[in-house]
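# Descriptive analysis of the structure
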Amino acid sequence: VHARPLEFGQDRPGVLMAIHDITETRRLATLRQEFVANVSHELKTPLTSIKGYVETLLDGALNDKKHNREFLETIQEHVNNLTLLIDDLLDLSKIEAKRIEYQMQPVSVAEIALRIIKALEPLAKGRRVMIQNKLTESLPLVKADRDKLAQIFMNLVDNAIKFNQEEGRVVLS
């Protein structure tokens with residue numbers, strides 16, 4: 001609320017007030033703060049993993065034909081996940097502008113699950129959490145935005161690992 005005193009003539013004081021509803025603005029600011037905090041937190045996991053694999057490769061594993069390709073593929077998967085997180089930041093501005101778009105297409109839930117499990121295996125091993133995948137290729141395709149669905153899986157499985165007990169289990173079914 002903004003107010004200013006006014007004079008309408010002799011002995012006729014008044015007030016001019018402008019009232020603005022900032023409920024939506026405040027809600028979006030809170031949403032943005034929470035989103036940025038979550039994304040910042042989510043950036044740490046893949047960056048830590050990438051750093052570890054790069055250091056291992058530089059320390060001699062680059063010449064290890066048995067593991068070097070696997071390490072590079074894991075690094076690539078984490079880079080892809082980081083790209084998705086950056087896309088999330090861009091989506092935030094689209095959400096605020098109310099112009100978010102979905103790329104709906106037939107998607108294999110089982111294929112997405114396998115990708116996410118592979119990407120999060122180092123985290124699960126580090127926390128001694130077993131991941132059990134009951135999603136099979138026989139599942140029908142679903143109509144969804146592939147990247148958004150992968151993001152949902154990533155967040156769910158990542159949280160299931162992080163907030164699990166030691167020697168716990170995560171089951172995808």
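Residues numbered from 1 in each chain as written. Predicted model: local features only at pLDDT ≥ 70, side-chain atom pairs only at ≥ 80, totals over all residues. Heavy atoms only, no water.

### A short note on empty space enclosed by the protein
What counts is decided by this rule: Grid spacing is 1 Å over the protein atoms alone, the probe is 1.4 Å, and a cavity is where that probe fits but cannot get out, while a pocket is an open set with protein on both sides within 12 Å along at least five of seven lines and lining residues have an atom within 4 Å of a point. Grid points are joined across faces, edges and corners, and a volume is the space filled by probe spheres set on the points. Numbered from the N terminus, helices here are DSSP runs of H or I no shorter than four residues, and strands are runs of E no shorter than two. Note on residue categories: nonpolar means Ala, Val, Leu, Ile, Met, Phe, Trp, Tyr, Cys or Pro, charged means Asp, Glu, Lys or Arg, and polar means any other residue, Gly included.
Enumeration according to the criterion identifies one cavity of 30 Å³ or more in this entry. Its boundaries defined by the atoms lining it, the largest cavity holds a volume of some 160 Å³. Glu 42, Pro 46, Asn 81, Leu 85 and Met 154 are the residues nearest the centre of the largest cavity, which is lined by 14 residues in total. Counting only elements with at least two residues in the lining of the largest cavity, the list comes to helix 1 (23-58), helix 2 (68-96) and helix 4 (146-162). The element contributing the most residues to the lining of the largest cavity is helix 2, with six residues. Its residues placed into classes, the lining of the largest cavity shows six nonpolar, five polar and three charged.

### Side note on the pairing of strand 2 (residues 13-18)
Along a regular strand, successive side chains alternate from one face of the sheet to the other. Rules: The rule for pairing is simple: two strands pair if DSSP sees at least two bridges between them.
Two strands pair when backbone bridges link them, and strand 1 (residues 2-7) and strand 2 are joined in this way by six bridges, in the antiparallel orientation. If you follow His 2 over to strand 2, its bridge partner there is Ala 18.

### Observations concerning the layout of surface pockets
Here the idea is plain: a probe the size of a water molecule rolls over the atoms and shows the empty space left. Taken as a whole, the largest pocket encloses approximately 230 Å³ of empty space. Asp 87, Asp 91, Asp 145, Asp 147 and Lys 148 are, among the 13 residues lining the largest pocket, the residues nearest its centre. When residues of the lining of the largest pocket are traced back to their parent elements, those giving at least two are helix 2 and helix 4. Broken down by element, the residue count for the lining of the largest pocket peaks at six residues, all from helix 2.

### A closer look at a nonpolar patch on the surface
This is how it is decided: Note that patches include only residues with greater than 30% relative accessible area and no salt bridge, and the join distances are 9 Å for like charges and 5 Å for nonpolar side chains (Val, Leu, Ile, Met, Phe, Trp, Tyr). Residue burial considers only the protein chains on display, and all accessible areas are found by Shrake-Rupley using a 1.4 Å probe. Any Lys or Arg side-chain nitrogen located within 4 Å of an Asp or Glu carboxyl oxygen qualifies as a salt bridge.
Together, Val 1, Val 15, Met 17 and Ile 19 make up a nonpolar patch on the protein surface, roughly 450 Å² of accessible area in all. Following the sequence through the fold, Val 15 ends up in strand 2.

### Looking at the pattern of salt bridges
For the record, the criterion: Partly exposed residues are those whose accessible area sits between 20% and 50% of the maximum for their type, while under 20% is buried and over 50% is exposed, using a 1.4 Å probe and protein chains only.
Applying the stated criterion across every chain yields a total of nine salt bridges. One salt bridge in this structure joins Lys 118 and Glu 73, with 3.4 Å as the shortest N-O distance. Taken together, the residues span a long stretch of sequence, with Lys 118 in helix 3 (residues 109-126) and Glu 73 in helix 2 at a distance of 45 residues. Overall, the relative accessible area of 38% leaves Lys 118 in the partly exposed class. Glu 73 gets classed as partly exposed once you look at its relative accessible area, which sits at 31%. Glu 166 is the salt-bridge partner of Arg 128, the closest N and O atoms lying 2.8 Å from each other. Of this pair, Arg 128 sits in the loop between helix 3 and strand 4 (130-133) while Glu 166 is found in the loop between helix 4 and strand 6 (169-172), placing the two residues 38 residues apart along the sequence. Sharing partners across several salt bridges, the network here consists of Glu 77, Glu 111, Arg 115 and Arg 146.

### Some points on unusual backbone geometry
Here the phi dihedral of Asp 11 falls at roughly 55°; this positive angle occurs in a residue that is not glycine. With respect to the helices and strands, the residue Asp 11 is situated in the loop between strand 1 and strand 2. Look at Asp 11 and you get exposed, because its relative accessible area is 76%. Phi angles above zero are rare outside glycine, and Glu 167 is one such case at about 60°. In this structure Glu 167 comes out as exposed when scored by relative accessible area, which is 55%.

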